[in-house]
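Here is what each chain is made of, one letter per residue.
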Amino acid sequence: HPEDEASQKALSISAEPTNRKVISSQALVKPVRQLQSSPVNAYGFITLDERRSNQVSARVGGRIERLYVKYENQFVRKGDKILDLYSPDLNTYQEELLYAHKVDPDGELPKHAAHKLKLLGITDAQIQQLVKSGKASLTLSIYSAYDGYIFYSPSTQMSPTGTAMASSPGGNKMGGGMGSTSLQQQSNSPSMSAASGPVREGAYVSAGQTLFWINDLREVWGILSVDNLHQDEIALNDSVTMVSELVPDKPIKSIVRYIEPQYATGQKFIQVRVYLSNADRSLRINSLLEATIHPKTK
C-alpha cells in the first residue's frame, strides 16, 4: 500500500543515527560523450520561385489598343493572345516585308524582313497571313510564350508584420516598411493593384519595358524564419519537415537549400529557404508553414 511504503521510508530515515542527516537519494550519473541534435522549430510562408518567373517585355514601342490580361493571378496558356499593339515601327517593318515580296518574292530580302518581324514577337502564322493579304495591319496581336499565372512583380515576400509585399521592377521593396505611411503607399501602388495592374489599354509602352511576369507555380519556395539563437546550428542540406495550413494532413519533406546572410528588417531572425514541388498547385502564395528543422548530429 502506498501509505505503508511512505511510513516505512519515514521510519527508516528517523532511525538513522543523530549525527547523520539524509539529504536525498539520487542515482549516480556519469557524463558521456555522444552525438546529439535538437530539432529547431520555425514558421514561414510560401512565395514564388523566382527562377520560374518569366519576364514579358515590349519588344517594340507602341500603344496598347486592347489588353486581354485584365488582372493579376490570371492564368494564361502558351499561345494565348495577350494584347493588340499599334506600333509605327511594326507598320514600317510590315511594309518592308510586303515590298520585299513584291520586288523579289523568292530572294533573300523577304526572309530577312520576315526574320526582323519574328524577332519582335510576330508569329509565323501572322507573317504568312500578312503576305497572303498583301496589306499591313494597323495593330498586331502579341501572344504569350509561356504557361502560367500573371504577376506584376517577379517575387512576393512577407513583411515582418505578416503583410504581403512585392519588389518593383526596379528591385526596390514596396510596402516593406513598418509604419502606416509605408502601408498606405503599398495599397496605392499600381504594381500592387490586382484590378488594373501597371499596364492598361490606351497606354504607351517603350521598347524593353516590362509588362508583367508569368510563373507556372509548379515549384515554389518556402521561406522559414529561425531565431538567431539557432543560426549556428542550422546548415545547408539539413532535413526539414513542414506542415502547410492548406494541407495539414500531408507533411512535406525537404532540405535547407539556402540561408540568407542577413536579418529581416526590424527583426532578429534568419530566413531559411527550401524548394518545394507544387505540381498540383496545392501550395498557394503567402500561405503559412509550420516547420521542424533537423540539424545534423553534433
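A quick note: this is a predicted structure, and the numbers were derived from the prediction, not measured. (Residues numbered from 1 in each chain as written. Predicted model: local features only at pLDDT ≥ 70, side-chain atom pairs only at ≥ 80, totals over all residues. Heavy atoms only, no water.)

Visitor: Describe the sheet that holds strand 7 (residues 148-151), listing the residues and the values that go with them.
Guide: Strand order in the open sheet made by the 4 strands is 2-12-7-4, with antiparallel pairing throughout. If you trace the sheet from one side to the other, it starts and ends with strand 2 (54-57) and strand 4 (75-76), each paired once. Relative to strand 12 (residues 210-215), strand 2 is paired through 4 bridges, and the arrangement is antiparallel. Along strand 12, the bridge assignment pairs Val56 with Phe212. (Pairing = 2+ DSSP bridges. Helix = DSSP H or I, 4+ residues; strand = E, 2+ residues; numbered from the N terminus.)

Visitor: How would you sum up the nonpolar core? Please name residues and give values.
Guide: Among the nonpolar cores identified, the biggest contains 29 residues, and Leu83, Leu85, Leu90 and Phe212 are the most heavily contacted of them. Ignoring any residue separated from it by four or fewer positions in sequence, one finds Leu90 in contact with Val60, Leu85, Leu117, Leu120, Ile122 and Leu140. Counting residues in hydrophobic clusters, the runner-up holds 19 residues, among them Val220, Val256, Val272 and Val274. (Core = buried A, V, L, I, M, F, W, Y, C linked by side-chain atoms within 4.5 Å. Buried < 20%, exposed > 50% of the residue type's maximum accessible area, 1.4 Å probe, protein only. Contact = heavy atoms within 4.5 Å.)

Visitor: Just give me the short version of the sheet that holds strand 3 (residues 62-67), but keep the residues and values in it.
Guide: Read across the open sheet, the 4 strands follow the order 6-5-3-11; overall the sheet is antiparallel. Each of the sheet's edge strands pairs with one partner strand only, and the pair in question is strand 6 (139-143) and strand 11 (204-205).

Visitor: Go over the layout of surface pockets with me, naming the residues and quoting the values.
Guide: In this structure, the second largest pocket spans a volume of roughly 390 Å³. In terms of residue class, the lining of the second largest pocket is made up of 13 nonpolar, 5 polar and 1 charged. (1 Å grid on protein atoms, 1.4 Å probe; cavity = no way out; pocket = protein on both sides within 12 Å on 5 of 7 lines; lining within 4 Å. Points joined across faces, edges and corners; volume = space filled by probe spheres on them. Nonpolar A, V, L, I, M, F, W, Y, C, P; charged D, E, K, R; others polar.)

Visitor: Pulling in residues and values, what's your account of unusual backbone geometry?
Guide: Despite not being glycine, Leu217 has its phi angle at roughly 60°, a positive value. By the element assignment, Leu217 lies in the loop between strand 12 and strand 13 (219-227).

Visitor: Kindly report on the pairing of strand 16 (residues 258-263), identifying the contributing residues and their values.
Guide: Here 3 bridges tie strand 16 to strand 17 (residues 269-277), and the two strands are oriented antiparallel to one another. From the neighbouring strand, Tyr263 faces strand 17, where its bridge partner is Ile270. Connecting strand 16 to the antiparallel partner strand 17 that follows it, the hairpin turn spans 5 residues, and Gly266 within it adopts a positive phi of roughly 75°.

Visitor: So what's going on with the packing of aromatic side chains? Which residues, and what values?
Guide: What the rule picks out here adds up to 2 aromatic pairs. Ring centres 5.0 Å apart and planes at 65° place the aromatic pair Phe75 and Tyr149 in the edge-to-face group. Here Phe75, found in strand 4, pairs with Tyr149, found in strand 7; they are 74 residues apart in sequence, far enough to count as distant. Note on Trp221 and Tyr275: the rings are 6.0 Å apart at their centroids and 20° apart in plane angle, and the pair reads as stacked. You can see Trp221 sitting in strand 13 and its partner Tyr275 sitting in strand 17, a full 54 residues away along the chain. We classify Trp221 as buried; its relative accessible area is 4%. Residue classification places Tyr275 among the partly exposed residues on the basis of a relative accessible area of 21%. Stacked on the ring of Tyr275, the Lys or Arg Arg51 has its end atom at 4.3 Å from the ring centre. In this structure, Arg273 is placed above the aromatic ring of Trp221, and the distance from its NZ or CZ to the ring centre is 3.9 Å. (Phe/Tyr/Trp six-rings, centres within 6.5 Å; stacked < 30°, edge-to-face > 60°. Lys NZ or Arg CZ within 6 Å of the ring centre and 35° of its normal.)

Visitor: Can you lay out helix 2 (residues 88-103) for me, pointing to particular residues and giving the numbers?
Guide: Here helix 2 contains 16 residues, and its C-alpha end-to-end distance of 22 Å stays within 8% of the 22 Å for a straight helix at 1.5 Å per residue. The set of residues buried in helix 2 consists of Leu90, Asn91, Gln94, Leu97, Leu98 and Ala100. Turning to helix 2, the residues buried within the fold contact strand 5 (81-86), helix 3 (109-119), helix 4 (124-133) and strand 6. (Expected span 1.5 Å × (residues − 1).)

Visitor: Quick rundown of the pattern of salt bridges? Include the residues and the values.
Guide: As enumerated under the stated definition, the model contains 9 salt bridges in all. The shortest N-O distance in the salt bridge between Arg52 and Asp216 comes to 2.8 Å. On the criterion of sequence distance, the pair formed by Arg52 in the loop between strand 1 (40-48) and strand 2 and Asp216 in the loop between strand 12 and strand 13 is long-range, its members being 164 residues apart. When its relative accessible area of 15% is taken as the criterion, Asp216 is described as buried. (Salt bridge = Lys/Arg side-chain N within 4 Å of Asp/Glu carboxyl O.)

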